[in-house]
Amino acid sequence: MKFGTKSVHAGVSPDPSTGAIMTPIYQTSTYVQKAPGEHLGYEYARTQNPTRDALQKSLAALENAKHCVAFGSGLAAVDAIAKLLKPGDEVISTNDLYGGTYRIFTQVFGPYGLTFHFKPFDNPNDILPLINENTKMIWVETPTNPMVNIVDIEAICKIAKAHNILVCVDNTFATPYLQTPLDLGADIITHSATKYLGGHSDVVLGAAICNNDAIAEKLVYLQNACGAVPGPMDCFLVLRGIKTLHLRMKQHCANGAIIANALKNHPGVDKVHYPGLEEHPGHEIAKKQMNDFGGMLSFSLKNDTIEAAIQLMQNTKIFALAESLGGVESLIGHPATMTHASIPLEQRMKTGVTDSLIRLSVGIEDPEDLVEDLTTAIDAISTEKVDALVG
Ligand SMILES: *Cc1c(COP(=O)(O)O)cnc(C)c1O
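Just so you know, these numbers come straight off a predicted model, no measurement behind them. (Residues numbered from 1 in each chain as written. Predicted model: local features only at pLDDT ≥ 70, side-chain atom pairs only at ≥ 80, totals over all residues. Heavy atoms only, no water.)

(A) Seen up close, the overall build of the chain. The number of helices and strands found in the chain is 13 helices and 12 strands. Taking 2.2 N^0.38 as the reference for a compact globule, 391 residues should give roughly 21 Å; the C-alpha atoms of the chain span a radius of gyration of 22 Å, in line with that estimate. Each principal axis of the C-alpha distribution contributes one length, and for the chain these read about 85 × 50 × 35 Å. Counting every position in the chain, which comprises 391 residues, the buried fraction comes to 53%. (Helix = DSSP H or I, 4+ residues; strand = E, 2+ residues; numbered from the N terminus. Rg over C-alpha atoms; globule rule 2.2 N^0.38 Å. Buried < 20%, exposed > 50% of the residue type's maximum accessible area, 1.4 Å probe, protein only.)

Spelled out as structure tokens, the structure:
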């Protein structure tokens, strides 16, 4: 089955009791048993829920996986995956990663005895010196946030396999429409379905996906034992979002490319980071492992100051100033003061998150309007600067 057909149909079938074509929202906490232990496969809603089941099946199918375990948020999924490890274990992670993941790793799991090493994965062999007998997991984000760097998933997995290390890929930015990391050798995929999978900025949800039965069993155990489960309404919303994932992603990608090129040619812009641009250092690997280049990009200004960036973001009318990404509407954000504020200055600068760096989550509006919105906003800060100089 091809991707679009899977997006619409995978995991969902008409409700057996009524024939409802849409998976019902099973808003119940418990299920009646005929006799103690005699039930229809559902006992208590933390443990099982039919709406959640349908979502898990759908997500597994999209990632060409056997198993999917859904959680109350992307970070709850990260939390469960980190709990597969034990004190003394070490993790090597891309340094340019989602701020919340950096925070849970260093602030929550650090004190519980896990050690994290953060490193750019531009050259996969650079991680070799960090590997020792305690290394149990390699954590990959690609494209990364917010620098949109590309990690060669296959090359990292080869190194990991040789050392018996698990590879987890956060596939939030790419979505299975653009890349399926398990097919490239990864062991676990994590998603913030809050972003593209849900796609409409109306739900928070996460998932962990894998092929290995033993890992899946542990994740299901953690889902129930720790209890960070998504509610049935939220599962329904993500299921609904997934049905148009392929259509939305097509438009996100097309718009992303148009905007990257427009920004590149604007005199007020210093650098544009978008894997679809030929000069992007990860362009060739992106072409190899992704079906297209996505709707996330970032850029810096010639006037590399926090003030200029903030002024620009207040000048846009369609791009809304907000955290998050992956919804139908275009968002603009300032990593240095927003998503990446919890990352220490020195670490932030090292990863390229400079003062004026601006991140765009390009939506599915008409690209002409988006380009005009951005160029007008950038032109305005240039004029204001001139006015200030003249004044
Ligand atoms: C948003 C995000 C997360 C966290 O997901 P939540 O649903 O907000 O908990 C993790 N990884 C990436 C790449 C994200 O963008």
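(B) Quick look at the pairing of strand E4 (residues 135–141). In terms of residue burial, E4 counts as a mostly covered element, since 6 of its 7 residues are buried. Bridge count for strand E2 (residues 90–94) against E4 is 4 bridges, and the pairing is parallel. The partner of Ser93 across the bridge, within E4, is Trp139. What joins E4 to strand E5 (residues 166–170) is helix H5 (residues 153–162), and the crossover it makes is right-handed. (Pairing = 2+ DSSP bridges. Right-handed = clockwise from strand over helix to strand, strands pointing away.)

(C) Spatial organisation of the sheet that holds strand E11 (residues 331–333). Pairing within the open sheet is mixed, and its 5 strands lie in the order E8-E9-E12-E11-E10. Across the chains shown, the open sheet's two edge strands, defined by having one partner strand only, are strand E8 (269–273) and strand E10 (320–321). Both strand E9 (residues 296–301) and strand E12 (residues 358–361) contribute to a ladder of 4 bridges, which runs antiparallel. Across the sheet, Met296 pairs through a bridge with Ser361, a residue of E12. Lying on the sheet, helix H9 (residues 245–264) is in contact with E8, E9 and E12; it crosses E9 at an angle near 10°. (Contact = heavy atoms within 4.5 Å. Axes fitted to C-alpha atoms, helices over the stretch in contact; angles between N-to-C directions.)

(D) Fine view of the environment of Ser298. Tracing the backbone through its elements, the reader meets Ser298 in strand E9. We classify Ser298 as buried; its relative accessible area is 0%. Measuring from C-alpha to C-alpha, the distance between Ser298 and Leu357 comes to 6.7 Å, with 59 residues separating the pair along the chain. When sequence neighbours within four positions are dropped, the list of residues in contact with Ser298 reads Pro146, Met147, Val148, Lys271, Val272, His273, Leu357, Ile358 and Arg359. A distance of 2.8 Å separates the side chain of Ser298 from the backbone oxygen of Pro146, its partner in a polar contact. (Polar contact = N/O pair within 3.5 Å; in protein donor to acceptor, adjacent residues only side chain to side chain.)

(E) The site of the ligand, seen in detail. Taken together, 14 residues lie around the ligand, and Gly74, Asp170, Ser192, Thr194 and Lys195 are the ones closest in. With respect to the ligand, the side chain of Ser192 contributes an N or O atom lying 2.8 Å from an oxygen atom. One of the side-chain N or O atoms of Thr194 is found 2.6 Å from an oxygen atom in the ligand. Coverage of the ligand by the protein chains reaches 92% of its 380 Å² of free accessible surface. Cavity membership is defined here by more than half of the atoms lying within 2 Å of grid points; on that basis the ligand lies in the largest pocket. Of the residues assigned to the shell around the ligand, the class counts are 6 nonpolar, 5 polar and 3 charged. (Near = heavy atom within 4 Å. Areas by Shrake-Rupley, 256 points an atom, 1.4 Å probe, with all protein chains shown as cover. 1 Å grid on protein atoms, 1.4 Å probe; cavity = no way out; pocket = protein on both sides within 12 Å on 5 of 7 lines; lining within 4 Å. Sits in = over half its atoms within 2 Å of the grid points. Nonpolar A, V, L, I, M, F, W, Y, C, P; charged D, E, K, R; others polar.)

(F) Fine view of the packing of helix H2 (residues 50–62) against helix H8 (residues 232–242). Between H2 and H8, whose axes approach to 8 Å, the crossing angle comes to 35°. With respect to the hand of their crossing, H2 and H8 are arranged in left-handed fashion. Here Thr51, Arg52, Ala54, Leu55, Ser58, Leu59 and Leu62 of H2 lie close against H8, whose contacting residues are Pro232, Cys235, Phe236, Val238, Leu239 and Ile242. Counted by class, the contact of H2 with H8 contains 10 nonpolar, 2 polar and 1 charged residues. (Left-handed = near helix turned anticlockwise from the far one by under 90°.)

(G) Helix H4 (residues 99–109), seen in detail. Considered for burial, the residues of H4 that qualify are Gly99, Gly100, Thr101, Tyr102, Ile104, Phe105 and Phe109. Those residues of H4 hidden inside the fold are in contact with helix H3 (74–82), E2, strand E3 (115–119), E4 and helix H12 (345–350).

(H) Structural detail: the sheet that holds strand E7 (residues 206–210). A sheet is described by the order of its strands in space; here 7 strands give the open sequence E1-E7-E6-E5-E4-E2-E3, paired in mixed fashion. Pairing within the sheet leaves two strands with one partner each, and these edge strands are strand E1 (67–71) and E3. Averaged over neighbouring strand pairs, the angle between their axes works out to 20° when direction is ignored. Of the strand pairs in this sheet, strand E6 (residues 188–192) and E7 are connected by 5 bridges, and their pairing is antiparallel. Counted as the bridge partner of His191 is Ala207 from E7.

(I) Summary view of the nonpolar core. Ile138, Ile259, Leu263, Phe299 and Leu360 are the most contacted members of the largest nonpolar core, which has 79 residues in total. Sequence-distant contacts of Ile138, defined by excluding residues within four places in its chain, comprise Ile92, Phe121, Ile127, Ile156, Ala160, Ile165, Leu166, Val167 and Cys168. Membership of the second largest hydrophobic core comes to 28 residues, among which are Val69, Ala77, Trp139 and Leu219. (Core = buried A, V, L, I, M, F, W, Y, C linked by side-chain atoms within 4.5 Å.)

Keep in mind that these numbers describe shape and distance, not what the molecule does.
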